[in-house]
Amino acid sequence: MTTRTNHIERYYDSHEVEGAELTQSVDHYLVIQYLIVVLQWIFQGKGIGVVSNVNFYQTANPRETPISPDIAVVEGLPENRKPEDKSSYYVGETSPAPRVVFEIASKETWRQDLEEKPARYSAMGVSEYFVYAPNEQTVWTRQWRAHNRLIGWHRNAASGEFELVKKDANDHLWSEELASWLVVEPAGLRLYDANGQLRLTESEALQQNLAAERSRAEAERHRANLADLQKQKLAEKLKELGITFINQGN
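This structure is a prediction, so every number in the text was calculated from the model and none was measured.

A.B. asks: Explain the overall build of the protein here, please?
C.D. replies: Each helix and strand in the protein was counted, giving 3 helices and 11 strands. Taking all 250 residues of the protein together, 37% fall into the buried category. Intrachain contacts of the protein at a sequence separation of at least 6 include 62% that bridge at least 24 residues. For the protein, the exposed surface amounts to about 14800 Å²; the carbon and sulfur share of it is 50%.

Right, dumping it as structure tokens:
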């Protein structure tokens, strides 16, 4: 699939969207950065890009108010594209609707994230939409408080409508698109695979592989040293018995 960006100048590409969040807390920033690098590694080599805070449009109206998710996972985007690159995307033309969208809620945006954006993302054709509040003292009120800082919607294949994703007994959410459990931990939102293994970044995966290689090499050296020691003890025992030990190798 080919992609084109900014094929016409849009009003909101050079003007602020009213009510848009202009600053991020440290917790807000850190969870976005974590999710970006983990998602990039999950979709490495699969022709799926991860973008952050770019404008998505659905009509040809130059004054259309865009929607700019904190994170969007979009099929057909270049994988080497930097998530922070500021481009516009035209759903159905530049790219299909995002497969997954994350919004990291703040005290300024949580009502929009929970009460307005589900309908907008559903109309756009997004497959899954998740909202996470990084602060333990959540400001969510009314029915939203029961979701404990993490809530998700997924598209019903039959009706085409958004439905709430049900949590398991441990209060975890399963994402079909990410093949991952979404888990709220003291360190923040984390992703786990179906086997309960923490999803890693590329750097963490490489470090884990190097550590595993070092462990295997050390185990092999240990086995070799042990075999040499056993041969030495055998030779000494045979010598005591007056038998010549002939080492024929392994």
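A.B. asks: What is the right way to look at the packing of aromatic side chains in this model?
C.D. replies: The relative placement of two aromatic rings is captured by the distance of their centres and the angle of their planes. On inspection of all chains with the given rule, the structure shows 7 aromatic pairs. Ring geometry for Tyr121 and Tyr129: centres 4.8 Å apart, planes at 55°, overall tilted. The pair formed by Tyr121 and Tyr129 is uniform in burial state, with each residue classed as buried. An aromatic cluster is built from Tyr121, Tyr129, Trp144 and Trp153, whose rings are joined through pairwise contacts.

A.B. asks: Help me understand a nonpolar patch on the surface, please; the structure alone is not making it clear to me.
C.D. replies: There is a patch of nonpolar side chains on the surface, built from Val26, Tyr29 and Leu30 and spanning about 320 Å² of accessible area. Mapped onto the secondary structure, Leu30 falls in helix 1 (residues 26-42). Here Leu30 falls in the partly exposed class, since its relative accessible area comes to 49%.

A.B. asks: Can you walk me through the pattern of salt bridges in this structure?
C.D. replies: Any two side chains of opposite charge can pair if their charged atoms end up close together. The final tally for this structure, using the stated rule, is 6 salt bridges. For Asp113, the salt bridge goes to Lys117, with nearest N and O atoms at 3.2 Å. With a gap of 4 residues between them, Asp113 and Lys117 both fall in helix 2 (residues 110-124), about one helical turn apart. Each member of the pair Asp113 and Lys117 is classed as buried. Measuring nitrogen to oxygen at the nearest pair gives 3.5 Å for the salt bridge that ties Lys167 to Asp171. Given the relative accessible area of 30%, Asp171 is considered partly exposed. The network of salt bridges with common partners includes Glu75, Arg99 and Glu177.

A.B. asks: I keep staring at unusual backbone geometry and nothing clicks. Help me out?
C.D. replies: Most peptide bonds are trans, and most residues other than glycine sit at a negative phi. Residue Asn53 is not a glycine yet carries a positive backbone phi of 55°. Residue position: Asn53 is located in the loop between strand 1 (48-51) and strand 2 (55-57). The phi dihedral of Ala179 is positive, around 50°, even though this residue is not glycine. For Ala179, a relative accessible area of 35% puts it in the partly exposed group.

A.B. asks: Even after reading the chapter, I still don't get the sheet that holds strand 5 (residues 100-104), so can you show me in this structure?
C.D. replies: The strands making up a sheet associate through backbone hydrogen bonding, with each pair oriented either parallel or antiparallel. Spatial strand order, 1-3-5-6-7-8: 6 strands in an open sheet with mixed pairing. Only two strands of the sheet have a single partner each, and these edge strands are strand 1 and strand 8 (162-164). Going across the sheet, the axis of each strand differs from the next one's by a mean of 20°, ignoring polarity. Looking at chain direction, strand 5 and strand 6 (residues 128-132) are connected through 5 bridges and run parallel. In the strand pairing of strand 6, Ile104 is matched with Tyr132. Contacting strand 1, strand 3 (71-75), strand 5 and strand 6, helix 1 crosses the sheet at an angle of about 160° to strand 5.

A.B. asks: Help me understand helix 2 in this model?
C.D. replies: Three or four residues apart is the spacing at which side chains of an α-helix point the same way, because the helix has 3.6 residues per turn. The end-to-end C-alpha separation of helix 2 is 20 Å, in line with the 21 Å expected for 15 residues at 1.5 Å each. Remark: the principal bend of helix 2, roughly 50°, maps to Lys117, with a proline, Pro118, within the next four residues. Those residues of helix 2 lying buried are Trp110, Asp113, Leu114, Lys117, Pro118, Tyr121, Ser122 and Met124. Trailing helix 2 by a residue or two, Gly125 shows a phi angle of about 100°, which is positive.

A.B. asks: Mind showing me how you'd approach the environment of Gly47 here?
C.D. replies: Here Gly47 lies in the loop between helix 1 and strand 1. A C-alpha to C-alpha distance of 6.7 Å links Gly47 and Leu77, two positions 30 residues apart in sequence.

A.B. asks: Explanation requested: the environment of Met124 in the structure shown.
C.D. replies: Examined against the element boundaries, Met124 turns out to sit in helix 2. Here the alpha-carbon distance between Met124 and Tyr57, two residues 67 residues apart in the chain, equals 9.1 Å. The residues contacting Met124, other than those within four sequence positions of it, are Phe56, Gln58, Ile67, Val91, Ala97 and Pro98.

So, how was this worked out
- Residues numbered from 1 in each chain as written.
- Predicted model: local features only at pLDDT ≥ 70, side-chain atom pairs only at ≥ 80, totals over all residues.
- Heavy atoms only, no water.
- Helix = DSSP H or I, 4+ residues; strand = E, 2+ residues; numbered from the N terminus.
- Buried < 20%, exposed > 50% of the residue type's maximum accessible area, 1.4 Å probe, protein only.
- Contact = heavy atoms within 4.5 Å.
- Areas by Shrake-Rupley, 256 points an atom, 1.4 Å probe, with all protein chains shown as cover.
- Phe/Tyr/Trp six-rings, centres within 6.5 Å; stacked < 30°, edge-to-face > 60°.
- Patch = residues over 30% accessible without salt bridge, like charges linked within 9 Å, V, L, I, M, F, W, Y side chains within 5 Å.
- Salt bridge = Lys/Arg side-chain N within 4 Å of Asp/Glu carboxyl O.
- Pairing = 2+ DSSP bridges.
- Axes fitted to C-alpha atoms, helices over the stretch in contact; angles between N-to-C directions.
- Expected span 1.5 Å × (residues − 1).
- Bend = angle between axes of the 7 residues up to and from the residue.

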